[in-house]
Every structure is written in structure tokens, then in C-alpha cells.
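Now for the letters of each chain:
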Amino acid sequence: MPWFLRPKKSIKNLELKRKSLPDGLWSRCDGCYETVFNKVLRENFMVCPSCEHHLTLSAWQRVSLLMDKDSFEEHDSDLESVDLLGFKGVKSYKDKLRDEQKKTGLKDAILTGIGKIDGREVSFCVTDARFIMGSMGVVVGEKIARAVDRSIERKVPLIIVSGSGGGARMYEGINSLMQLAKTSAAISKLNQAGQLYISVLTNPTMAGIMASFASLGDITIAEPKALIGFTGPRVIEQTIKQKLPEGFQSSEFLLEHGFLDEVVARGQMKDYLSKVISLF
Amino acid sequence: MGNEERLNFEAPIVELEKKIEDLKSFAESEKIDCEEELSMLYLKLEAVAKNVYASLTPWQKVQIARHPQRPYSRDYIDYLFEDFVEMRGDKKFSDDPALVCGFGKIDGKTFAIVGHQKGRDIKEKMACHFGCAHPEGYRKAWRLMKLAEKMKVPIITFIDTPGAYPGISAEERGQSEAIAANIMGMTTLRTPSMAIIIGEGGSGGALGIGLTDIVAIMENSYYSVISPEGCAAILWRDKDKASEAASALKIMSKDLLDMGIVDDIIQEPRGGAHRNFKKAAENIKASIFKYTHICENVAIETLLDRRYKKYRQMGQFHESPMLKDVN
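A quick note: this is a predicted structure, and the numbers were derived from the prediction, not measured.

1. Considerations on the overall build of chain B
- Counting its regular elements, chain B contains 15 helices and 9 strands.
- For a compact globule of 327 residues, the expected C-alpha radius of gyration is about 20 Å, and chain B comes in at 22 Å, within 12% of that figure.
- With respect to the three principal axes, the spread of C-alpha positions in chain B is 80 × 50 × 45 Å.
- A buried classification covers 55% of the 327 residues belonging to chain B.
- For chain B, the share of sequence-separated contacts (at least 6 apart) that also reach a separation of at least 24 residues comes to 73%.

Laid out in C-alpha cells, this is it:
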């Protein structure tokens, strides 16, 4: 790498926080506030070279991180959410959907399909935290249930990478809550069929996602320092009227309390998954 | 249960009722015939009540669902079930009084019962965290449901919670894991089950005991993915917009029946269950018998298949037919 492309590790210019950066070339790490060249970040799968903070990955970036090259075949790509409630908020749900689709280039908050990890086929799902906070509406629930069906049909393991700060999607009301039931019922079928399910938690995995399929893995792992839990930290702070301890609801906190099998850095994620699926 | 505490829109009704009572006792003590005045007042009461309750907004119905005098799970359990034997503790960590669990009989028939308990006096409310259950509550409920399955006894759950407990203790002990495990477990329980939403159906905390063959809701109860206040705070950035959020979320019994989320609405006495507890309890009893009878006449494999399909089909989406064939 040429010297002028290398991120300058020594400069911690916090004033940059206030200045806006030109789009496209540089990003600022949310962990150490250092500016990093985007190309370097992308090559490093959005892990900050200075502090190893794991920045948000898009669903497609996650596919190229974990799946063998050109092995991933997307399924159910045409499923689209409908405005079931005729939701009238500050913004209508229809407008919200259109904006999010434009912003992310995705139809909804999840990609599902069949791909390979070191030559072994898996049924793979990954949510995209940029699309209405990665929240689960009917489409996300349905696509997961179908991915489970594919896993059973093809007799291959299921891997779901979750990342959602929103949990169940408000705009679809009670129908979103019922997706907790739908996905959990599907995982139950997977268990009866004797297929392996690995749940991978990324920053953030909260609420309805965590209270359903994300918690139901046979093996559950998380990326370092991800926020994982049921109730969001702000709501808890309002309830108990005090600040939460450092590291509360982090991956490391969950590991310590017995709810994770391992905390795995992004760079080692594919090797870890490959090792687990090779066992069975 | 008295009617001392009242909601704003209940005021004219309560006032008229008081007038009638006063006039009655006055007529009795003075031995005067007030029949005519009384019947006039009754007519007026009828008209006022009809008017008030016919035009309640979703937000006002939420107020009824949260009414401080609304019957709680323990009230129904005490009234409906004989020989109630309570189960306590999850045998792992602790007991959670916010979820009452046990077995009892109606007309000689045994049922397993799980219900959220909000607490009537301040001491009980504190112990129950106002109906917000901890992971140990959900794990206790699971222990009861497994016993019900083993003994082939139908399960009745009473849902009445603002939501699962939002705090440090609950997070440390795995609130999401406890709820997820229950939701998944309930899909394959080999015994009939029925959930009755008797007040608040608060999101995951409700579904944690709510994945059942039959879901019935009492007329003035609600079931929602998020509280109207929570939704207002996120979308409108203003908690005072809860009334708008309550309408937008479509959380009332009629909406839920139309969307196929609940199977039946249990009628309440006019003005809500708190205005005539016995009538409300009798309606629940009739509903329990009707549905458990139906479920018990179905082979267990068929019941499980139906249960799975019911939840597998929840919600609609758009799919282009051409691409479907390719996949």
C-alpha cells in the first residue's frame, strides 16, 4: 500500500467530529473517531485498522465476507412489504419503504439464499441494519421461514446473521410481532428435522429479533462489542433512573453471563463458521 | 370491586349512577314513591352510557384496558377455578410473582393456568413489577406448561402485561432467551392451549405466554407490538401523541379479529369488565369451555399441524408470481 494511502494512526483530531467530511473518500470510525480511508476500510471489511472497532456492514458486504466467491445465490428477492395497517404516522409506511429501498438498494431488511463456506453448502440469511434499523416485518419473517424450509429440504445448516436495533417493525404493528412466532415455529421444525442452526449476532441485535430466532441458535456467537439485549439501554435508563454500567449488554457481557458460545472477530468469522459446520 | 376510581369519560355515567342510588335510598328512608323519577334517570343513564361507549377512541379503550379496577389474572383464577394449586419458582434462579402459575378445576375438569399479575395494592404491585415479568417468570411458566403436556391437561393463559420487565436484572438473566425459548417451545406442546388477553397485550412479554391454538381477547383489551407511548416517542418524538399512535397501530380487539391475529372476542359488560366482574368472568368461562372442547376433539397431530400453519401464515406481503416460479 502506498504511504499516502495509509491511515495516519497518530492523528486523533477530535475536532473533525464537528466538520463534515467529503462523501465517498473517508469515513470516521465510531470507536476512536479517527478518519480512515474508505478503500482501506472496505478491504478490511469495515473494521477500523486503528482500534478494531467493527463498523456496520451492509448485507451484501456480509455475503462477500462469509460466502465463497460467486457461490451465493439469492432467493425470494422479489418479496416486498405491504402497508398492512394503512399506517399514518409522521411519514406514511409506503413513503418510508420507498425511501429505504432507494437508500439501500434492497427490497427489505434481509437477504436470504444458498451459498457455500469452504465448499460446504449452507442456507444463509443476513439482515441489513440500514433498512428501517434492520427491523422485522412480515417479509423478514417470511424470508427467514423459507430459508429454514430450504435448510430442511437440502439438508444443509442454517446460518442467520442478525443486526437490528429496531426489533419488530412498528409500521406493520401486531403483524410484526407475529413474525416472532413465525420464525420461532420454523426453527422448531428445523430442530425436529435435525439440522444445525448457527446464530451470528452483530451490532446491534435487540428486542423482537433477540426474543425470537436470534436467541434460538444451537451455536450462538457475536462480533466484539456488539450491543445485544432485549430492552434498549435508553429505555432501561429511563426506567431505573440511573446510568448503566460500562459494557452492559455488550457481546462480552453476554459471554460472561452465559448466553454466547464465543465472541468472534470479523476477520476470523468465516473460519469459525467453517470449523463448526465441518463437525456435523 | 368498587367503582371509586374512574376515567374522564366515565364521569357522567358514574354521576348518574350515584344520583340513582341517592334517590333510591332517599325514597326508601322517606317511604316516598319515586318510581317515575327513577325510570326517567334510568332512561337517561341508558342513553348516556350508550352514547359514551359507542364512540370510544382506541386510546380511551387502552385506558379501560389499564383501568386500576380492571380484574386481574388472580381475580379470574380465584373466581373461576376450584382447588387451585400454585406452582412457584423456576427451580433455576427464583420465583416471579408477576406470572402466576398453577393448576385448578372448573366443573371438575383440570386446567393448567398461567397469568400475568399486575398487583392490586402497592406492595403487590412492587413485587409484581406492575405486571412486567422477569426471565424466571417465563421459565416458571415453561415448567408448568411441560407438566401440563405430561399430564395431558389443557393450558389457559391470561395475558395482561405492559411488556416484559425492562431492567438490568432481566437483561443479566436473559430476558430475550427466556421469551424466545417459550415462543418456540409452545409451537410443539402436545396439549391444547388457549390464551386470553384480559387487559394489556404488551409485545414480546405477552407473546412469551401467547403462542396458543386459540387466542381470544376481551372486548376492551389491546395487543400490540409496542405501547402507544413507546411508538409515539419513537415516531413522533412526543409521548403525548400516544392517542394518534394507538389509532395508527390498530391494536383493538376488532382490528385484531379482522386481521386474523385473534380467533374470538369475549364480550365485556358495558363499560368494561370492572363494572360487572362476575359477568365478565362468566363470559370467560363459557369461552374456555367452548374452545378447549373443540381442541380436545381434534387429534393432537392435527392440532399441532394447525398451530404451526396458523403462525406460519401470519401477515401478508407482495410477491411477483413470475419470479416465484424461477425460485
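After that view, the rundown keeps rolling.
2. Observations concerning helix H10 (residues 228-236) of chain B
All names here are of chain B.
- Every buried residue of H10 is accounted for by Pro228, Cys231, Ala232, Leu235 and Trp236. For H10, the arc enclosing every buried residue in end-on projection is 100°, short of the 170-degree limit, so these residues lie on one face.
- Its buried side turned inward, H10 meets helix H3 (58-65) and helix H11 (242-248).

3. Observations concerning the layout of surface pockets
Residues and elements named next belong to chain A.
- Reported here for the second largest pocket is a volume of approximately 530 Å³.
- What lines the second largest pocket is a set of 21 residues, and nearest its centre among them are Lys225, Glu246, Gly247, Phe248 and Ser250.
- Broken down by class, the residue content of the lining of the second largest pocket amounts to 8 nonpolar, 7 polar and 6 charged.
- Looking at which domains feed residues into the lining of the second largest pocket, each of domain 1 (1-55) and domain 2 (56-279) gives three or more.

4. Considerations on the domain arrangement of chain A
All names here are of chain A.
- The domains assigned to chain A are domain 1 (1-55) and domain 2 (56-279).
- Taken residue by residue, the interface counts 6 residues in domain 1 and 9 residues in domain 2.
- Carbon and sulfur atoms supply 58% of the area buried between domain 1 and domain 2, which totals about 680 Å² over both sides.
- The three residues of domain 1 that bury the most area against domain 2 are Phe45, His54 and Leu55, which together make up 76% of that side's buried surface.
- Linking domain 1 to domain 2 there are 0 salt bridges.
- There are 5 residue pairs in polar contact (both at pLDDT 80 or more) connecting domain 1 and domain 2.
- Of the residues in the side of domain 1 that touches domain 2, the class split is 4 nonpolar, 1 polar and 1 charged.

5. Focus: the state of the cysteines
Residue and element names in this part refer to chain A.
- A complete count under the given rule lists 0 disulfides over all chains for this structure.
- Considering cysteine sulfurs only, Cys51 is the nearest to Cys29, which forms no disulfide, with 3.6 Å between them.
- On the accessibility criterion, Cys29 (2% relative accessible area) is buried.
- Under the relative-accessibility criterion, Cys51 is labelled partly exposed at 29%.

6. Overview of a nonpolar patch on the surface
- Side chains of Ile122, Met126 and Phe130 of chain B sit close together on the surface and give an oily, nonpolar patch of about 340 Å² of accessible area.
- Tracing the backbone through its elements, the reader meets Phe130 of chain B in the loop between helix H5 (122-127) and helix H6 (135-150).

7. Remarks on unusual backbone geometry
- A cis amide bond links Asn203 of chain A to the next residue, Pro204 of chain A, at an omega of -15°.
- Looking at where Pro204 of chain A falls in the secondary structure, it is placed in strand S8 (residues 197-205).
- A positive phi angle is found at Tyr33 of chain A, which is not glycine, with a value near 60°.
- Among the secondary structure elements, Tyr33 of chain A is positioned in the loop between strand S1 (26-28) and strand S2 (35-37).
- Assessed through its relative accessible area of 33%, Tyr33 of chain A is described here as partly exposed.
- At Arg237 of chain B, a position not held by glycine, the phi torsion is positive, near 55°.

8. Some words on the interface of chain B and chain A
- Across the boundary between the two partners, chain B contributes 51 residues, which contact 59 residues of chain A.
- Both sides together, the interface formed by chain B and chain A hides about 4,700 Å², and carbon and sulfur atoms give 68% of it.
- Summed over the three residues of chain B that lose the most area to chain A, namely Glu171, Arg312 and Phe317 of chain B, the buried surface amounts to 14% of that side.
- Applying the counting criterion to the chain B and chain A interface returns 3 salt bridges.
- The closest approach of N and O atoms between Arg312 of chain B and Glu142 of chain A, which form a salt bridge, is 3.0 Å.
- Inspection of the chain B/chain A interface yields 12 residue pairs in polar contact (both at pLDDT 80 or more).

9. Digging into the environment of Ala280 of chain B
Residue and element names in this part refer to chain B.
- As for its placement among the helices and strands, Ala280 is situated in helix H13 (residues 277-296).
- Assessed through its relative accessible area of 0%, Ala280 is described here as buried.
- Spatially, the C-alpha atom of Ala280 lies 37 Å from that of Ile168, the residues being 112 residues apart in sequence.
- Other than its neighbours up to four places away in sequence, Ala280 contacts Tyr76, Met218, Pro269 and Ala273.

Each value, and the rule that gives it
- Residues numbered from 1 in each chain as written.
- Chains lettered and ligands numbered in written order.
- Predicted model: local features only at pLDDT ≥ 70, side-chain atom pairs only at ≥ 80, totals over all residues.
- Heavy atoms only, no water.
- Helix = DSSP H or I, 4+ residues; strand = E, 2+ residues; numbered from the N terminus.
- Rg over C-alpha atoms; globule rule 2.2 N^0.38 Å.
- Buried < 20%, exposed > 50% of the residue type's maximum accessible area, 1.4 Å probe, protein only.
- Contact = heavy atoms within 4.5 Å.
- Arc of directions from axis to C-beta.
- 1 Å grid on protein atoms, 1.4 Å probe; cavity = no way out; pocket = protein on both sides within 12 Å on 5 of 7 lines; lining within 4 Å.
- Points joined across faces, edges and corners; volume = space filled by probe spheres on them.
- Nonpolar A, V, L, I, M, F, W, Y, C, P; charged D, E, K, R; others polar.
- Domains from an automatic or database assignment.
- Buried area = accessible area lost by both parts, 1.4 Å probe.
- Salt bridge = Lys/Arg side-chain N within 4 Å of Asp/Glu carboxyl O.
- Polar contact = N/O pair within 3.5 Å; in protein donor to acceptor, adjacent residues only side chain to side chain.
- Disulfide = S-S within 2.5 Å.
- Patch = residues over 30% accessible without salt bridge, like charges linked within 9 Å, V, L, I, M, F, W, Y side chains within 5 Å.
- Areas by Shrake-Rupley, 256 points an atom, 1.4 Å probe, with all protein chains shown as cover.

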